[in-house]
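# A closer look at the structure
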Amino acid sequence: MQKIDYQLLGETLYQQTLPNGLTVSLLPKADYHKNYAVLTTNYGSIDDLFIPLGQSDYVQMPAGIAHFLEHKMFDKKDGDIFEAFSRQGASANAFTSFTRTSYLFSATNQIKTNLLTLLDFVQQPYFTAASVAKEKGIIGQEIEMYEDDPNWRLFFGIIGNLYPKHPIHHDIAGTVESIAQITPAQLYSAYQTFYQPSNMNLFVIGHFDPETIMTAISANQQRKTFPEPTMIHRQFPEEDVSGHDIIPYRVTELPVQRGKSIVGIKGLTAVSQDRVGLKYRMALNLLFDMLFGDSSRNYLRLYDQGIVDDTFGYELDMERTFHFATFSGDTDHPQQLSDAVIKLLENAADSPDLNEKRLALVKKEAIGSALQSLNSLEYIANSYSGNHFGTASLFDLVPIISEITLADIQSALRRFVRHEAFSVFHIEAQSAGDD
C-alpha cells in the first residue's frame, strides 16, 4: 500500500491497485465521526458507442443507457439495496455524469459492513425484463420533469450548439424514445464492458484505520472471480478543430417570467491529462474570476447598467473528450446580455481587470475556497474519484494556483477564447396567447 503525504495540507493518502485492477484510495480523517465512500466506474452518458466485451465490432447503444444502468443496479433479487444500507445506519445514493457513474454511501458506523455492501451490490448485476420495463416508466417521468426545467433546457441548448455531433448533447438520462429501446441484454453488455474492476476506483474517507479497511476490501475482491482486464474501445465523432460545426445561435420560447441567455465557448484544443492540464484549467477559472467576479469592474459595470443581476454565473466543464465554458443569467433582454459578455471576452486582453493586483486577489480567494472545500468529505471523495489529470489531483490545487502568473492567464485566454468557438442560446418568454 502506497502512502502519499501532502504536508502542506496535513493529509495522508493511502493507495493500492488490487490484482483485479481496482484502484483503492483511503484518506483517514481522525477528527471526523462520519465516513463516506464512493465507488466509480469510468463510464458515463457519452460512452454510447463502444465494442462490447468479447465482441469485435462497435455497437451503438441507446442514449441514456449508462444512467438507466445506474438505476437498475439498486434492484436485487432479494429486494432494494437502499433498505440494506438503511438497516446498517447508512445513507446511499448514486449519480451518472457525462463521463462517470458513481455509487456512494455515508455513515457514522459499520463502515466495513457498508463498504462490503457497496462492493457486493455494484459487482453483482441483476436485471429482468419485468424490472427493466417498470424502470422505463420511472425514468421517463424523470426525463419529462427535466424537460420542464428552463435552466436544464438552457444548459442542453448551448451544449447542442457547441457539440451538435458529440454525444454530450444528449440528455444524460436519454429520451423517452431512446430508453424505450433498452433491453436487459444491452444492460448486461454495458455492465460487463465498463464495470471491470480495472475501469473503476474506490475512494474512502473518514474515521478508520487504513490497514484494516484495505485488508477488508482486498479480501472481498479476492473472493470474487472477474474476467481478465480488457482494453475498452470507445468511439466518438470527429470534432472540427476549426469550430465550423458549432451552431452560432438558437432561440426558443418557454413559459417563463423572464428570458434567459447563455454564452458558450467550446475548447478547440486538446487538454493534456496531467498536471499541465490541471494548471490550464485553473488558469481559465482564475481568468473568469478576474473578468466576471463580483468585485470586477466589468461585473459591477454590467450590474449597474442592468444587463446582469444576481442570477448571472459562469462555469467551466473539463472532462475527457471535451471542455467548454458557459456564462448565463436571467434577463429581460437576452441579446443584450449575450452581446455584452461576448464583447467583454473578445476584448479581455485589454481589460483593466487583468492585472497583477487583481490576480493576487482572485488567487487568494481560490486558495481559500480550495482549503475550505477540503473540510467536506463528500467534496474530497467525489472530486478525487472524478480526477482526469493523471497523478495530479485536488490535493495539488493549492500549489498549482500559487504558481499561476499573469502570463499564464494571458496564454490561457489566447488559447481558449476564440471568435469561432462562441455560441449563444436564448430562452424567451412566450408571447401572450401562446400555448
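From a predicted model like this one, the values you see are computed outputs, not experimental measurements.

## Side note on the overall build of the chain
A tally of regular secondary structure across the chain gives 15 helices and 16 strands. For the chain, whose C-alpha radius of gyration is 23 Å, the value lies close to the compact-globule estimate of 22 Å for 435 residues. Seen through its C-alpha atoms, the chain measures out along the principal axes to roughly 65 × 55 × 40 Å. Counting the 435 residues in the chain, one finds 53% classified as buried. Restricting the contact set of the chain to residue pairs at least 6 apart, pairs at least 24 apart contribute 81%. Of the roughly 19700 Å² of accessible surface on the chain, a fraction of 50% belongs to carbon and sulfur atoms. Considering the chain, the positive charge centre built from 34 side chains and the negative charge centre built from 53 side chains are found 5 Å apart.

## Examining the nonpolar core
The biggest cluster of nonpolar side chains holds 69 residues, and the ones touching the most others in it are Phe 327, Leu 345, Phe 395 and Ile 409. Of the residues forming this core, the biggest block, eleven residues, is contributed by helix α9 (residues 275–292). Leaving out residues up to four positions away in the same chain, Ile 409 has contacts with Ala 283, Leu 286, Leu 287, Met 290, Leu 354, Leu 359 and Ile 404. In terms of nonpolar packing, the next biggest core, distinct from the first, is built from 51 residues, Ala 37, Ala 84, Val 204 and Ile 217 among them.

## Observations regarding the sheet that holds strand β15 (residues 322–331)
Strands sit in the order β12-β16-β13-β15-β14 across an open sheet of five strands; the sheet is mixed. For this open sheet the edge positions go to β12 (249–254) and β14 (313–319), each flanked by a neighbour on one side alone. On average, each strand axis in the sheet is tilted by 15 degrees relative to the strand beside it, whichever way the strands run. Where strand β13 (residues 259–266) meets β15, eight bridges bridge the pair, whose relative direction is antiparallel. Following the sheet pairing, Ile 262 is matched in β15 by Ser 328. Contacts between helix α5 (residues 150–162) and the sheet are confined to β12, β13, β15 and β16 (422–429), with β16 contributing the most and set at about 150 degrees to the helix. Running over the sheet, helix α15 (residues 406–416) touches β13, β14 and β15 and is turned about 90 degrees from β15.

## What about the sheet that holds strand β9 (residues 90–96)?
Reading across from one edge, β1-β2-β3-β11-β4-β10-β9 is the order of the seven strands in this open sheet, with mixed pairing throughout. Across the chains shown, the open sheet's two edge strands, defined by having one partner strand only, are β1 (2–6) and β9. The average angle at which neighbouring strand axes cross in this sheet is 15 degrees, direction not considered. Contacting β9 and β10 (101–107), helix α1 (residues 65–72) runs over the sheet at an angle of about 165 degrees to β9.

## What about empty space enclosed by the protein?
If you walk through the whole model with that rule in mind, you get three cavities of 30 Å³ or more. Quantified by volume, the largest cavity comes out at close to 50 Å³. What lines the largest cavity is simply Asn 20, Leu 53, Gln 192, Gln 196, Pro 197, Ser 198, Pro 227, Glu 228, Pro 229 and Thr 230. Considered class by class, the residues forming the lining of the largest cavity number four nonpolar, five polar and one charged.

## Some thoughts on the packing of aromatic side chains
Under the defined criterion, the tally for this structure stands at 32 aromatic pairs. For the pair Phe 292 and Tyr 314, a centre-to-centre distance of 6.1 Å together with 45 degrees between the ring planes defines the contact as tilted. Residue Phe 292 is located in helix α9, and its partner Tyr 314 is located in strand β14; the two are separated by 22 residues in the primary sequence. The exposure class assigned to Tyr 314 is partly exposed, which follows from its relative accessible area of 24%. A ring pair is formed by Phe 292 and Phe 327, whose centres lie 5.1 Å apart and whose planes are at 45 degrees; its orientation type is tilted.

## Some remarks on the layout of surface pockets
Taken as a whole, the largest pocket holds about 1200 Å³ of empty space. Taken together, 37 residues line the largest pocket, and the ones lying closest to its centre are Arg 281, Glu 315, Leu 316, Tyr 379 and Ser 383. Only β9, α9, β14, α12 (356–373), α13 (377–385) and α14 (397–403) provide two or more residues apiece to the lining of the largest pocket.

## Concerning the pattern of salt bridges
Under the defined criterion, the tally for this structure stands at 17 salt bridges. Close ionic contact of Glu 11 with Lys 29 constitutes a salt bridge, the shortest N to O distance being 2.6 Å. Of this pair, Glu 11 sits in strand β2 (residues 11–17) while Lys 29 sits in the loop between β3 (23–28) and β4 (35–41), and the two are 18 residues apart along the sequence. Of the charged contacts, one joins Arg 258 and Asp 309 as a salt bridge, the two residues approaching to 2.8 Å between their closest N and O atoms. Of this pair, Arg 258 sits in the loop between β12 and β13 while Asp 309 sits in the loop between α10 (297–304) and β14, placing them 51 residues apart in sequence. When salt bridges with common partners are traced through the structure, they connect Arg 275, Lys 279, Glu 403 and Asp 408 into a single cluster.

Criteria and cut-off values
- Residues numbered from 1 in each chain as written.
- Predicted model: local features only at pLDDT ≥ 70, side-chain atom pairs only at ≥ 80, totals over all residues.
- Heavy atoms only, no water.
- Helix = DSSP H or I, 4+ residues; strand = E, 2+ residues; numbered from the N terminus.
- Rg over C-alpha atoms; globule rule 2.2 N^0.38 Å.
- Buried < 20%, exposed > 50% of the residue type's maximum accessible area, 1.4 Å probe, protein only.
- Contact = heavy atoms within 4.5 Å.
- Areas by Shrake-Rupley, 256 points an atom, 1.4 Å probe, with all protein chains shown as cover.
- Lys, Arg positive; Asp, Glu negative; His and termini not counted.
- Charge placed at Lys NZ, Arg CZ, Asp CG, Glu CD.
- Core = buried A, V, L, I, M, F, W, Y, C linked by side-chain atoms within 4.5 Å.
- Pairing = 2+ DSSP bridges.
- Axes fitted to C-alpha atoms, helices over the stretch in contact; angles between N-to-C directions.
- 1 Å grid on protein atoms, 1.4 Å probe; cavity = no way out; pocket = protein on both sides within 12 Å on 5 of 7 lines; lining within 4 Å.
- Points joined across faces, edges and corners; volume = space filled by probe spheres on them.
- Nonpolar A, V, L, I, M, F, W, Y, C, P; charged D, E, K, R; others polar.
- Phe/Tyr/Trp six-rings, centres within 6.5 Å; stacked < 30°, edge-to-face > 60°.
- Salt bridge = Lys/Arg side-chain N within 4 Å of Asp/Glu carboxyl O.

The analysis is restricted to geometry; functional conclusions fall outside its scope.
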